[in-house]
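Structural overview for review
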Amino acid sequence: MAMEAEEEGPTLEVRELIPGLPDDVAIECLARVPSRSHRRMRRVCRGWRGADVVFLVQVAPAAGDGKGSTPECALTAANLTTGEWRRVEGPGEAWRPVPLFEQCAAAGDGRHVAVVGGWEPDTLRPTSDVRVLDVTAGTWRRGRQMPDTRSFFGCAGGDGNVYVAGGHDESKNALRSALAYSAAADAWRALPDMSEEPQLVAAPGGVLAASGYPTEAQGAFRKTAERYAATGGAWIDEGEVVPDTGETCLASVRGKVWAVGAGKGGVREWDGGARAWREVADGPPGMTAFVKAAGVGNGNGTALFVFGTVADAAEGSRYSAWVMEAVGAPWKWVPVPSGFDGFVYSAAAVRV
């Protein structure tokens, strides 16, 4: 155990919100304090200023031996402030099983999360459904459906919108279309078509769509990217800028696009002016492959959450998580409880 702890590195520090009380009880107490006292409360304890919560659409533990069955997905909320991981339940009978490959993104004012699309578990056909979670209130509502159905599309939240780009239709034709969803207005609008077919999307101050493949070359990911700014109303070719195609994920951190991968120099920031990547840090210690990353904190994030794989002598590999709390700061290992170590399809972070 000592050797394992040394390999993982420092853990994310977890403190009690109110000493002597379970955190769920403490949160109920804090939630009842009148809003006029919130400013003074923030000065009492750092942990009372807010919580960073990462939402993950991930594979849930299989019932029985799991052989021959379609994987089931679940929506997980990982509270990085308290260390609590839990399943997010829906509103009774109105909530169906979480679709496979569903995407989630921060929506609206940053305290809402939209879950979009995916495959229906029973039919394995794509759905255009949208659901929006008010994280603070813990309530769900149905959002307006996507104008079309698509699979394996890029999805990210930014500027009050949820952006959807690329993917492919039910005939496996790669798509160049892109959409923007406003949770506040509950409305979709079409963006201009792109010149290529992306699958990775980041949205700091606009949209960067990258690394897709054409219909005739399924799975042959390209390194090209296009940038869309709302003020210009058009897509601009950024050229071949995506590093290590198929081994990199994109995230919005500090209003910039970051590329996240494993190993030395695995974390890089895109400098649009110089049209080049700037090395930020090495990948998390011990991580052999990335899975998903998300900017954490206010706005587009001031920290970085990463979910990836590490080598395991008994199982070959297993999933783990890390947080970089500031640019260049040491990685902190985030303990992943048993039952929450399934593959992650999408991730989104909010601060509440």
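Structural notes, computed from the coordinates. The shown structure was predicted, so the numbers you read here are calculated from the model rather than taken from an experiment.

What counts as what
- Residues numbered from 1 in each chain as written.
- Predicted model: local features only at pLDDT ≥ 70, side-chain atom pairs only at ≥ 80, totals over all residues.
- Heavy atoms only, no water.
- Helix = DSSP H or I, 4+ residues; strand = E, 2+ residues; numbered from the N terminus.
- Buried < 20%, exposed > 50% of the residue type's maximum accessible area, 1.4 Å probe, protein only.
- Contact = heavy atoms within 4.5 Å.
- Areas by Shrake-Rupley, 256 points an atom, 1.4 Å probe, with all protein chains shown as cover.
- Salt bridge = Lys/Arg side-chain N within 4 Å of Asp/Glu carboxyl O.
- Pairing = 2+ DSSP bridges.
- Axes fitted to C-alpha atoms, helices over the stretch in contact; angles between N-to-C directions.
- Phe/Tyr/Trp six-rings, centres within 6.5 Å; stacked < 30°, edge-to-face > 60°.

Let's talk about the overall build of the protein
Of the regular secondary structure elements, the protein holds three helices and 24 strands. Out of the 352 residues in the protein, the part that is buried amounts to 48%. Within the protein, residue pairs in contact and separated by at least 24 positions form 47% of the contacts whose partners lie at least 6 positions apart. Put simply, the protein shows about 17,200 Å² of open surface, and 50% of that area lies on carbon and sulfur atoms.

Things to note about the pattern of salt bridges
Under the criterion given, the structure shown has ten salt bridges. Two residues, Asp52 and Arg351, come together in a salt bridge whose shortest N-O distance is 3.1 Å. In this pair, Asp52 sits in strand E1 (residues 52-59) while Arg351 sits in strand E24 (residues 344-351), placing the two residues 299 residues apart along the sequence. Residue Arg227 pairs with Glu238 through a salt bridge whose shortest N-O separation is 2.9 Å. Highlighted residues: Arg227 in strand E14 (residues 224-229) and Glu238 in strand E15 (residues 234-240), separated in sequence by eleven residues. The class of Glu238 is buried, set by a relative accessible area of 4%. Members of the salt-bridge network, linked through shared partners, are Arg227, Glu238 and Arg275.

Here's the deal with the sheet that holds strand E17 (residues 256-260)
Two orientations exist for strands paired in a sheet by backbone hydrogen bonds: parallel and antiparallel. Sheet architecture is open: four strands sit in the order E16-E17-E18-E19, paired in antiparallel fashion. For this open sheet the edge positions go to strand E16 (249-253) and strand E19 (276-281), each flanked by a neighbour on one side alone. Put simply, the sheet's adjacent strands are angled 35° from each other on average, direction ignored. Where E16 and E17 come together, five bridges link them in antiparallel fashion. Opposite Val253, over in E17, you have Lys256 as the bridge partner.

Here's the deal with the packing of aromatic side chains
Applying the stated criterion to the full structure yields eleven aromatic pairs. Within the aromatic cluster, the residues linked to one another by ring pairs are Phe101, Trp119, Phe152, Phe307, Tyr319, Phe343 and Tyr345.

Just geometry here; none of it tells us what the structure is for.
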